[in-house]
Amino acid sequence: MKRDISIGLLAFALGACVTSPSLSPAEKLAADMVGTFETAIGSDDAMRDRRIEIAALGTGEWLYYQVNHKSDLSVYRQRILQLEALPDGRVQQTAWTINDAAAHVDLWDKPDMQATLSQDDLTAGLEDGCAQIWTREDAIWAGKVNPDTCIITSTRRGSQIRIGAESLLDEGSLSLAERGFDLAGEQLWGTEPVDYYRLIRVD
């Protein structure tokens, strides 16, 4: 099966899992997501994932997320992530796209732009049912996008497909997997069922 790993929905990753017990689940996850994760820097398989907390633009905790890839570390993806605690203790992650993404590259170096960012600068991401749901057991966060509920229209394929994604976050690493399926459940692309793309925390 062709490996077609993307970081899309995900979207994805994160920081040291040592947080105050007084924090809410969403606050804990946000704190643990902050940081930089890398793999294979200098090669064509290189990937750098960096996330920073930003001022809240609505309910919950908010982060800016950027992925750079390939040997030149060109920008691959940018998102604003919203984390909201659910009544059962899980955390829902919603990914927003940035309308003028190019202007917001390396947002961590642009405090004035961070200060003026609002929901008017964002567009809702994937369809309902595609939020990533996080749970925490011991020191490990596990996030999942359920392919049973996440159905999108693929412009590339000209048809509807199911999207599934998994993320594992611990103190020193972020592991990612994303998969596409046809409506009957046959896998079309992505990692094998037990395979992940692993990035190591560097700060």
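Residues numbered from 1 in each chain as written. Predicted model: local features only at pLDDT ≥ 70, side-chain atom pairs only at ≥ 80, totals over all residues. Heavy atoms only, no water.

Undergrad: Which residues make up the pairing of strand β3 (residues 61-69), and what are the values?
TA: Within β3, eight of the nine residues are buried, leaving the element largely enclosed by the surrounding structure. The pairing of strand β2 (residues 47-54) with β3 spans eight bridges and is antiparallel. Opposite E53, over in β3, you have L63 as the bridge partner. Connecting the antiparallel pair β2 and β3 is a turn made up of six residues, with G60 showing a positive phi of about 85°. Relative to strand β4 (residues 74-85), β3 runs antiparallel, the two sharing nine bridges. Along β4, the bridge assignment pairs E61 with L83. (Buried < 20%, exposed > 50% of the residue type's maximum accessible area, 1.4 Å probe, protein only. Helix = DSSP H or I, 4+ residues; strand = E, 2+ residues; numbered from the N terminus. Pairing = 2+ DSSP bridges.)

Undergrad: Residue-level account of the pairing of β2, with values.
TA: When strand β1 (residues 35-39) meets β2, the two strands line up antiparallel, connected through five bridges. When the bridges of β2 are listed, F37 appears paired with D49.

Undergrad: Let's hear about the environment of G172: which residues, and what values?
TA: Position of G172 relative to the elements: it lies in the loop between β10 (159-169) and β11 (173-181). Between the alpha carbons of G172 and V202 there is a distance of 8.2 Å; along the sequence they are 30 residues apart. With residues near it in sequence (within four places) discarded, G172 still touches L199, I200 and R201. (Contact = heavy atoms within 4.5 Å.)

Undergrad: Explain the state of the cysteines to me, using residue names and the numbers behind them.
TA: Applying the stated criterion to the full structure yields one disulfide. Disulfide pairing places C130 opposite C150 at an S-S distance of 2.0 Å. One quick way to see it: the torsion about the S-S bond of C130 and C150 is about 95°, and its sign makes the bridge right-handed. Of this pair, C130 sits in the loop between β6 (122-124) and β7 (132-137) while C150 sits in the loop between β8 (140-145) and β9 (151-154), and the two are 20 residues apart along the sequence. By the burial criterion, C130 is buried, and C150 matches it. (Disulfide = S-S within 2.5 Å.)

Undergrad: I'd like to hear about the nonpolar core, residue by residue, with values.
TA: One finds L29, M33, L83, V91 and W134 to be the most contacted residues of the largest nonpolar core, which totals 20 residues. Looking at this core, the elements with two or more residues in it are α1 (25-33), β3, β4, β5 (91-98), β11 and β13 (197-201). Here the element with the most residues in this core is α1; it accounts for four residues. I80, W96, I98 and L107 belong to the second largest nonpolar core, which has 12 residues in total. (Core = buried A, V, L, I, M, F, W, Y, C linked by side-chain atoms within 4.5 Å.)

Undergrad: Which residues make up the environment of S43, and what are the values?
TA: Note on placement: S43 falls in the loop between β1 and β2. Taking the relative accessible area as the measure of exposure, S43 reaches 27% and is therefore partly exposed. Between the alpha carbons of S43 and S71 there is a distance of 4.8 Å; along the sequence they are 28 residues apart. The residues touching S43, leaving out its near neighbours within four places in the chain, are K70 and S71. Reaching out from S43, the side chain makes a polar contact with the backbone oxygen of A40 at a distance of 2.8 Å. One polar contact links the side chain of S43 to the main-chain amide nitrogen of D45, over a distance of 3.1 Å. (Polar contact = N/O pair within 3.5 Å; in protein donor to acceptor, adjacent residues only side chain to side chain.)

Undergrad: Requested: an account of the pattern of salt bridges, with residues and values cited.
TA: Applying the stated criterion across every chain yields a total of four salt bridges. Taking the shortest distance from any N to any O, the salt bridge between E38 and R48 comes out at 2.5 Å. Residue E38 is located in strand β1, and its partner R48 is located in strand β2; the two are separated by 10 residues in the primary sequence. Linking E166 and R179 is a salt bridge whose minimum nitrogen-to-oxygen distance equals 2.8 Å. Remark: R179 occurs in strand β11 and E166 occurs in strand β10; sequence separation between them is 13 residues. (Salt bridge = Lys/Arg side-chain N within 4 Å of Asp/Glu carboxyl O.)

Undergrad: Before we move on, could you go through the packing of aromatic side chains and cite the residues and values that matter?
TA: Aromatic ring pairs are defined here through the distance separating the ring centres and the angle between the ring planes. Within this structure, the stated rule accounts for two aromatic pairs. With 6.0 Å between their ring centres and 35° between their planes, W62 and W96 make a pair best called tilted. Taken together, the positions of W62 in strand β3 and W96 in strand β5 put the pair 34 residues apart, joining distant regions of the chain. On the basis of relative accessibility, which here comes to 1%, the residue W62 falls in the buried class. The ring of W108 carries the charged tip of R50 above its face, separated from the ring centre by 4.2 Å. The ring of Y65 carries the charged tip of R51 above its face, separated from the ring centre by 3.9 Å. (Phe/Tyr/Trp six-rings, centres within 6.5 Å; stacked < 30°, edge-to-face > 60°. Lys NZ or Arg CZ within 6 Å of the ring centre and 35° of its normal.)

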